[in-house]
Amino acid sequence: MERITDAEFAVMEVLWDEAPLTALEVADRVPAERSWSVRTVKTLLSRLLEKNILSHVEEGRRYLYRPAVAREDYVARESGRMLDRMFGGRVTPLVAHLAERNQLTPEDIAEIEALLKELKP
């Protein structure tokens, strides 16, 4: 699976939330601060089709787009790549890195502790 850009990810977020959609419907749902035209969205959709991240069906004169990859699968793959590249595939150094930089809130710590309790046999 190919990696996608931040712009492509914004398009995928729309389609992961709701699909199938036309290019115009995707453009209407992309966050307004992006200020993208329908043409820009169509370019991003084309790139995602080439990467096999999206699929489409023809309906009359328009195309309906839908994800070909589940969000969870993409996130898992990208998370694994980041862990491998930055932390040798280990989660502990990542958590330590975040803790050292005070990037873990008390809520984050409570959630991690609860998750660890669930995982312990």
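Scroll up a little and you will see the structure.
Here's a quick rundown of the structure. None of the values given here were measured: they were computed from a predicted structure.

## Considerations on the pairing of strand E1 (residues 54-59)
- Bridge count between E1 and strand E2 (residues 62-67): six bridges; the pairing is antiparallel. Looking at E2, one finds that Val-57 is bridged to Leu-64.
- Between E1 and the antiparallel strand that follows it, E2, lie two residues; Gly-60 among them carries a positive phi value of about 65 degrees.

## Structural notes on the packing of helix H4 (residues 71-87) against helix H5 (residues 91-100)
- At a closest axis distance of 9 Å, the pairing of H4 and H5 adopts a crossing angle of 80 degrees. One finds that H4 runs roughly perpendicular with respect to H5. Counting all contacts with H4, which are made through Met-82, Leu-83 and Phe-87, the residues of H5 involved are Val-91, Pro-93, Leu-94 and His-97.
- Split into classes, the residues belonging to the contact of H4 with H5 amount to six nonpolar, one polar and no charged.

## Looking at unusual backbone geometry
- Here the amide bond leading from Ala-19 into Pro-20 is cis, since omega sits at 5 degrees, within 30 degrees of zero.
- One can find Pro-20 in the loop between helix H1 (6-17) and helix H2 (23-29).
- Residues other than glycine seldom take positive phi values, yet Asn-52 does so here, at roughly 60 degrees.
- You can see Asn-52 is positioned in the loop between helix H3 (38-50) and E1.
- Of note, the phi angle at Asn-102 is positive, near 55 degrees, even though the residue is not glycine.
- Considering the arrangement of structural elements, one finds Asn-102 in the loop between H5 and helix H6 (106-119).

## Considering the side chain of Glu-78
- Residue position: Glu-78 is located in helix H4.
- The class of Glu-78 is buried, set by a relative accessible area of 16%.
- Only 2.8 Å separates the side chain of Glu-78 from the side chain of Arg-81, close enough to count as a polar contact.

## Let's talk about the pattern of salt bridges
- Evaluation of the coordinates by the stated rule reveals seven salt bridges.
- The salt bridge involving Arg-71 is made with Glu-13; its shortest N-O contact spans 2.9 Å. Note that Arg-71 is positioned in helix H4 and Glu-13 in helix H1, a separation of 58 residues in sequence.
- For Arg-71, a relative accessible area of 32% corresponds to the partly exposed category.
- Assessed through its relative accessible area of 25%, Glu-13 is described here as partly exposed.
- Here Glu-100 makes a salt bridge to Arg-101, at a shortest N to O gap of 3.5 Å.
- Assessed through its relative accessible area of 46%, Arg-101 is described here as partly exposed.

What counts, and where the lines are drawn
Residues numbered from 1 in each chain as written. Predicted model: local features only at pLDDT ≥ 70, side-chain atom pairs only at ≥ 80, totals over all residues. Heavy atoms only, no water. Pairing = 2+ DSSP bridges. Helix = DSSP H or I, 4+ residues; strand = E, 2+ residues; numbered from the N terminus. Axes fitted to C-alpha atoms, helices over the stretch in contact; angles between N-to-C directions. Parallel < 35°, antiparallel > 145°, perpendicular 65-115°, else oblique. Contact = heavy atoms within 4.5 Å. Nonpolar A, V, L, I, M, F, W, Y, C, P; charged D, E, K, R; others polar. Buried < 20%, exposed > 50% of the residue type's maximum accessible area, 1.4 Å probe, protein only. Polar contact = N/O pair within 3.5 Å; in protein donor to acceptor, adjacent residues only side chain to side chain. Salt bridge = Lys/Arg side-chain N within 4 Å of Asp/Glu carboxyl O.

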